[in-house]
Amino acid sequence: IVGSVITVAPLTGETLPSVADGEVISVLSSVEGDGVEGFANYFRASTVERHNYVQLFSKAIRYGEVELFKLQNAAATSNFLEMEKNAMFKQFRTDISNSFWNGDKGEVTTAKGAKAKVTQGLYPAMVAAGSPSATAVSSGDASTDTLQSVFEDLVIDSEYGDYGQVRFAFMSPKVHLAISKLYKEEKTRYAPNDAVASLALDEVNLGSSRVVFIPYSRFTDTASFPADWATKIILLDMKNINLRQMWAERSGETLDREGGIAKTYKEMYVDANMGVQFNNPLACGYIDVTFA
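Residues numbered from 1 in each chain as written. Predicted model: local features only at pLDDT ≥ 70, side-chain atom pairs only at ≥ 80, totals over all residues. Heavy atoms only, no water.

Caption draft 1: Spatial organisation of the packing of aromatic side chains. Taken as a whole and assessed by the stated rule, the structure comprises 16 aromatic pairs. Relative to Trp229, the ring of Trp101 lies with its centre 6.3 Å away and its plane at 80°, an arrangement referred to as edge-to-face. In this pair, Trp101 sits in helix H2 (residues 80-102) while Trp229 sits in the loop between strand E8 (209-215) and strand E9 (232-236), placing the two residues 128 residues apart along the sequence. Using a relative accessible area of 3% as the deciding quantity, one classes Trp101 as buried. The class of Trp229 is buried, set by a relative accessible area of 1%. When the ring of Tyr183 is compared with that of Phe213, the centres are 6.0 Å apart and the planes differ by 50°; the resulting orientation is tilted. Within this pair, whereas Tyr183 is found in the loop between helix H5 (173-182) and strand E6 (188-189), its partner Phe213 is found in strand E8, the two being separated by 30 residues in sequence. For Tyr183, a relative accessible area of 1% corresponds to the buried category. Put simply, the rings of Phe100, Trp101, Tyr123, Phe170, Tyr216, Phe219, Phe225, Trp229 and Tyr286 touch in pairs and so form one group of aromatic residues. Across the ring face of Tyr53, the terminal group of Lys117 is positioned such that the distance to the ring centre comes to 5.5 Å. (Phe/Tyr/Trp six-rings, centres within 6.5 Å; stacked < 30°, edge-to-face > 60°. Helix = DSSP H or I, 4+ residues; strand = E, 2+ residues; numbered from the N terminus. Buried < 20%, exposed > 50% of the residue type's maximum accessible area, 1.4 Å probe, protein only. Lys NZ or Arg CZ within 6 Å of the ring centre and 35° of its normal.)

Laid out in structure tokens, this is it:
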């Protein structure tokens, strides 16, 4: 091979077979000669370099000094502050989850005029990289239902890991019910190595891949996802996905006048940072399901 030109020669004393235009020639192996200098073949892996950003997140509740006094001393709502703080934490982690799934990589200008980086989520990375994708019909009729065959093709087309590796398919409860019915005889209970993560999930063994079905009701939340996510299946190779951060999540309360700060309000806050490192999106895929 010289540059992008490949010279093909026949075996000694033989001739080359005829080939059709556009035919693919398979590579068999290198051939080493005895008593020669150098090596038969020099190898370099072909890689794709990707980068992403680490995004900053924060959320807070601000209480005026008088407002806070009333809430702390109102017997009827003695746990209101704790309930509101818990609701803030839940929404904060929903924000991070939304970015994990669907964030766009780039730079934004905040309402206060600051420049900020935002991280790319899994789905935009998969679309940009050309991850395997397909459409399927779930009808409950064997003659028109294509969900099982399409799902199995997607699993095989995205096999870039070890033989028999476990991957995870996230989907809404409705899609989960439909695909579970198709595999009701083949399903087994997924038993992770970590007992803490034992969540009563089912898996199906397709031979070269094991796939765990994850019912994920947040896909139906149109406040967080486009409406078509309610009928998507997202197949993920979790070994290819890592979350990066500069420091751990922080939470607490800001100072007020009692703390020597000239302000008559207090803020309960939480902040964190997160970036998605997605090594090989081609080991993942997605299916858009239509219910007939």
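Caption draft 2: Region of the structure containing the pattern of salt bridges. Enumeration according to the criterion identifies nine salt bridges in this entry. Two residues, Lys117 and Glu107, come together in a salt bridge whose shortest N-O distance is 3.3 Å. Of this pair, Lys117 sits in strand E3 (residues 115-118) while Glu107 sits in strand E2 (residues 106-109), and the two are ten residues apart along the sequence. Residue class for Lys117 comes out partly exposed when judged on its relative accessible area of 34%. A salt bridge links Arg210 to Glu203; its shortest N-O distance comes to 2.8 Å. What makes Arg210 partly exposed here is its relative accessible area of 25%. Each of the salt bridges in this network shares a partner with another, and the network as a whole consists of Glu253, Asp256 and Lys266. (Salt bridge = Lys/Arg side-chain N within 4 Å of Asp/Glu carboxyl O.)

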